[in-house]
Amino acid sequence: MFTYACDFSQRAVEFSHEKYVTDRCKAFVCDITTDQLTDNIPENSIDLISAIFVFSALPPEKMESAVENLTHVLKPNGKVLIRDYGLYDAAQLRFKPGSKLQDNLYARQDGTLAYYFSTEKISELFCKSNRFKQLENKYVHKKTTNVKRNLDVDRIFVQAKFEFLG
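Residues numbered from 1 in each chain as written. Predicted model: local features only at pLDDT ≥ 70, side-chain atom pairs only at ≥ 80, totals over all residues. Heavy atoms only, no water.

*Asks:* Which residues make up the UniProt feature "domain: Methyltransferase type" (unreviewed entry) in the protein, and what values do they have?
*Replies:* The positions UniProt marks with the feature "domain: Methyltransferase type" (unreviewed entry) are residues 4–79. Strand forms 29% of residues 4–79 and helix 26%; the C-alpha atoms that close the span are 15 Å apart. (UniProt positions renumbered as here; feature names shortened; annotations may be inferred. Helix = DSSP H or I, 4+ residues; strand = E, 2+ residues; numbered from the N terminus.)

*Asks:* For the nonpolar core, give the residues involved together with the corresponding values.
*Replies:* Phe 55, Ile 82 and Phe 126 are the most contacted members of the largest nonpolar core, which totals 30 residues. At the level of secondary structure, the elements contributing two or more residues to this core comprise β3 (46–52), α2 (60–71), β4 (74–85), β7 (113–115), α4 (119–127) and β9 (151–164). Sequence-distant contacts of Phe 126, defined by excluding residues within four places in its chain, comprise Phe 55, Val 67, Leu 70, Val 80, Ile 82, Phe 132 and Phe 162. The next biggest cluster of nonpolar side chains, apart from the first, holds eight residues, and it includes Ala 91, Tyr 116, Val 140 and Phe 157. (Core = buried A, V, L, I, M, F, W, Y, C linked by side-chain atoms within 4.5 Å. Buried < 20%, exposed > 50% of the residue type's maximum accessible area, 1.4 Å probe, protein only. Contact = heavy atoms within 4.5 Å.)

*Asks:* Would you mind going over the layout of surface pockets in detail, with residue names and values included?
*Replies:* Volume-wise, the largest pocket comes out at about 1100 Å³. Taken together, 37 residues make up the lining of the largest pocket; nearest its centre are Cys 6, Asp 7, Ser 50, Ala 51 and Val 54. At the level of secondary structure, the elements contributing two or more residues to the lining of the largest pocket comprise β1 (3–7), β3 and α2. Considering every element that reaches the lining of the largest pocket, the biggest residue donor is β3, with seven residues. (1 Å grid on protein atoms, 1.4 Å probe; cavity = no way out; pocket = protein on both sides within 12 Å on 5 of 7 lines; lining within 4 Å. Points joined across faces, edges and corners; volume = space filled by probe spheres on them.)

*Asks:* Describe the side chain of Arg 155, listing the residues and the values that go with them.
*Replies:* Here Arg 155 shows up in strand β9. When its relative accessible area of 17% is taken as the criterion, Arg 155 is described as buried. A distance of 2.7 Å separates the side chain of Arg 155 from the side chain of Asp 89, its partner in a polar contact. (Polar contact = N/O pair within 3.5 Å; in protein donor to acceptor, adjacent residues only side chain to side chain.)

*Asks:* Just give me the short version of the packing of aromatic side chains, but keep the residues and values in it.
*Replies:* Enumeration over the complete set of coordinates arrives at 13 aromatic pairs. Measuring from centroid to centroid gives 6.5 Å for Tyr 85 and Phe 157, while their planes differ by 35 degrees, and the two rings are tilted. Of the two residues, Tyr 85 sits in strand β4 while Phe 157 sits in strand β9, which places them 72 residues apart along the sequence. Both residues of the pair, Tyr 85 and Phe 157, belong to the buried class. On the numbers, 5.2 Å between centres and 85 degrees between planes, the contact of Phe 126 with Phe 132 is edge-to-face. Taken individually, Phe 126 and Phe 132 each receive the classification buried, so the pair is uniform in this respect. Following the ring pairs from residue to residue traces out a cluster consisting of Phe 53, Tyr 85, Phe 95, Tyr 106, Tyr 116 and Phe 157. Lying across the ring of Phe 28, Lys 26 places its NZ or CZ 5.9 Å from the centre. (Phe/Tyr/Trp six-rings, centres within 6.5 Å; stacked < 30°, edge-to-face > 60°. Lys NZ or Arg CZ within 6 Å of the ring centre and 35° of its normal.)

*Asks:* Account for the environment of Asp 7, naming residues and giving values.
*Replies:* Mapped onto the elements, Asp 7 comes out in strand β1. Among the residues examined, Asp 7 registers a relative accessible area of 35% and is labelled partly exposed. For the pair Asp 7 and Ala 27, spaced 20 residues apart in sequence, the C-alpha separation works out to 8.0 Å. Residues contacting Asp 7, with those up to four places away along its chain left out, are Ala 12, Val 13, Phe 28, Val 29 and Cys 30.

*Asks:* Give a detailed account of unusual backbone geometry, specifying residues and quantitative values.
*Replies:* Backbone geometry places Asn 77, a non-glycine residue, at a positive phi of 75 degrees. Mapped onto the elements of the fold, Asn 77 is located in strand β4. In this structure Asn 77 comes out as partly exposed when scored by relative accessible area, which is 45%. Even without being a glycine, Asn 130 presents a positive backbone phi close to 65 degrees.

This is the structure we're talking about:
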């Protein structure tokens, strides 16, 4: 097995270089909305893509180009696993006035974006072009506890699996 890992952050990629063996993994900096994944990954070579809290960090108008980029490296029947922020997650409800940029899109204090997905929106993003088949798409509810503040928080995530039809 060979693993490719990409991140927008040079710092994250540099940190990962300390943790893996180069003959089994390649990490690289990539903006999946503009940089071609095929510059670092052979075309049609990937069986599985894990996108954990990836799409929520993208501007909504660039999400489709990111999905398209994935299609160039996936093998037919390859899978994309998604875990991202769901609508009405506690983090969304905590944003202060002025943080909302548009529906379900917020700017964090550090300038990064946070988009909160409905299951319908994530399905539309992948299935709109008829290049993916939805295998799973659901909300996952988790309760997290802040022991210091004696506070329970309801977290809501979207978890989905799509198959690339080729």
